[in-house]
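Given next are the chains, with one letter for each unit.
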Amino acid sequence: MNNFDLERYLTNSKKVDLSEFDFSAAENYSLTDDEVRCLHYMMDVESSTIVYLRAILRTCVIDDPEAVAFLSCWAYEEYFHGRVIREFLRVSGVEVSPGRYVEVKRSASLRERIEELGASFMCSLTRHFHAAYLTWGAVQELTTLEGYGVLARRTSNPLLKTVLNRIIKDERRHFSFYYNKARAALEASRAQRLTTFLLRKFWTPVGSGVKADPDVNWMIRFVFGDSAGAEVTRRIDSTIGRLPGLAWFDLLTATRSH
Ligand SMILES: [Fe+2]
Ligand SMILES: [Fe+2]
């Protein structure tokens with residue numbers, strides 16, 4: 001976790017290939033209704049990465065060659081996460097409408113668009129916005145990978161376990177990029193103060209903006225609601241809390257107990 005080799009990442013980046021899995025076995029296993037709901041959520045978030053990318057590329061992040069290189073591969077990998085979840089659902093007997101992406105995108109909230117404008121405005125004011133964006137990315141990737149981990153451990157469907165564990169490998173690298181870049185960007189105390197302000201004021205869990213609030217709340221309860229989930233949210237908070245100036249970070253635990 002202490003360093004990120006960008007060149008290595010760029011060399012090794014590849015999509016999750018459907019041929020990696022034996023989907024013919026899917027009919028032998030079942031999914032609970034809650035798992036199906038949860039997978040829909042995750043698929044929608046993964047498939048909406050391009051919308052988030054559009055927003056972030058309107059900010060000063062476009063001026064950072066390392067970030068641009070990373071984001072190019074990152075968006076590609078995230079797209080295929082959405083695709084493999086969709087395919088897994090399909091072979092498990094859950095049809096996903098071909099127009100789902102368009103419906104999800106249309107319902108992306110006004111808040112998301114306001115945040116988009118706010119982010120590009122902040123950039124024009126201060127170069128320290130970069131630190132906030134990177135920290136934000138680290139929190140979301142860590143939450144995603146821990147969330148997938150919870151589901152993979154909990155499910156009785158071995159094929160789902162395999163799919164999630166494969167996606168987690170990518171999410172770990174994504175997290176590592178954001179976390180290590182954030183650590184460097186947070187060296188400046190102004191960056192720490194700005195990041196603290198923006199996270200405290202505007203941070204929302206992965207998927208809000210794309211999904212309606214009741215869905216987001218349900219997801220938090222479903223993934224992190226039990227005692228194992230409480231442990232995971234504490235771990236996320238303490239990992240982010242090791243970044244410079246962020247020892248206060250408690251947003252996952254606070255959201256969980258809200
Ligand atoms: Fe992903
Ligand atoms: Fe990711």
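This one's a predicted model, so the numbers in the text were calculated from it and none came from an experiment. (Residues numbered from 1 in each chain as written. Chains lettered and ligands numbered in written order. Predicted model: local features only at pLDDT ≥ 70, side-chain atom pairs only at ≥ 80, totals over all residues. Heavy atoms only, no water.)

Asker: Just to check I follow, could you spell out the coordination of the iron ion (ligand 1) for this structure?
Answerer: For a metal bound by four donors in tetrahedral geometry, the ideal donor-metal-donor angle is 109.5 degrees, whereas six donors in octahedral geometry ideally sit at 90 or 180 degrees. Bound to the iron ion (ligand 1) on the protein side are E46 (OE), E46 (OE), E78 (OE), H81 (ND1) and E171 (OE), at distances that span 1.9 to 2.3 Å. Donor residues for the iron ion (ligand 1), ordered by position in the chain, follow E-x31-E-x2-H-x89-E. Separation of the iron ion (ligand 1) from the iron ion (ligand 2) amounts to 3.7 Å, with E78 serving as a shared donor to the pair. With a gap of 125 residues between them, E46 in helix α2 (residues 33-47) and E171 in helix α8 (residues 158-185) connect regions that are remote in the sequence. The pair formed by E46 and E171 is uniform in burial state, with each residue classed as buried. (Donors = N, O, S within 2.8 Å, 3.2 Å for Na, K, Ca; no water. Helix = DSSP H or I, 4+ residues; strand = E, 2+ residues; numbered from the N terminus. Buried < 20%, exposed > 50% of the residue type's maximum accessible area, 1.4 Å probe, protein only.)

Asker: Whenever I open this one, the coordination of the iron ion (ligand 2) confuses me. Can you help?
Answerer: In this structure, E78 (OE), E141 (OE), E141 (OE), E171 (OE) and H174 (ND1) serve as the protein donors to the iron ion (ligand 2), at separations of 1.9 to 2.8 Å. For H174, a relative accessible area of 0% corresponds to the buried category.

Asker: Hey, could you run me through the side chain of D64 in this one?
Answerer: When you line up the elements, D64 lands in the loop between α3 (49-57) and α4 (65-91). A relative accessible area of 14% means that D64 is categorised as buried. For D64, the side chain forms a polar contact with the side chain of H130, separated by 3.0 Å. Apart from residues no more than four positions distant in its own chain, D64 is found in contact with H130 and K181. (Polar contact = N/O pair within 3.5 Å; in protein donor to acceptor, adjacent residues only side chain to side chain. Contact = heavy atoms within 4.5 Å.)

Asker: Would you take a moment to explain the pattern of salt bridges for this structure?
Answerer: Side chains that carry opposite charge are capable of pairing whenever their charged atoms lie near each other. On inspection of all chains with the given rule, the structure shows 10 salt bridges. Note that R166 is salt-bridged to E20, the shortest N-O span being 3.0 Å. Highlighted residues: R166 in helix α8 and E20 in the loop between α1 (6-12) and α2, separated in sequence by 146 residues. Note on R166: relative accessible area 11%, which makes it buried. Where R235 meets E146, a salt bridge forms, and the shortest distance between an N and an O atom there is 2.8 Å. Of this pair, R235 sits in helix α11 (residues 227-241) while E146 sits in helix α7 (residues 129-154), and the two are 89 residues apart along the sequence. For R235, a relative accessible area of 35% gives the class partly exposed. Via salt bridges that share partners, E20, R166, D170 and R173 belong to a single interconnected network. (Salt bridge = Lys/Arg side-chain N within 4 Å of Asp/Glu carboxyl O.)

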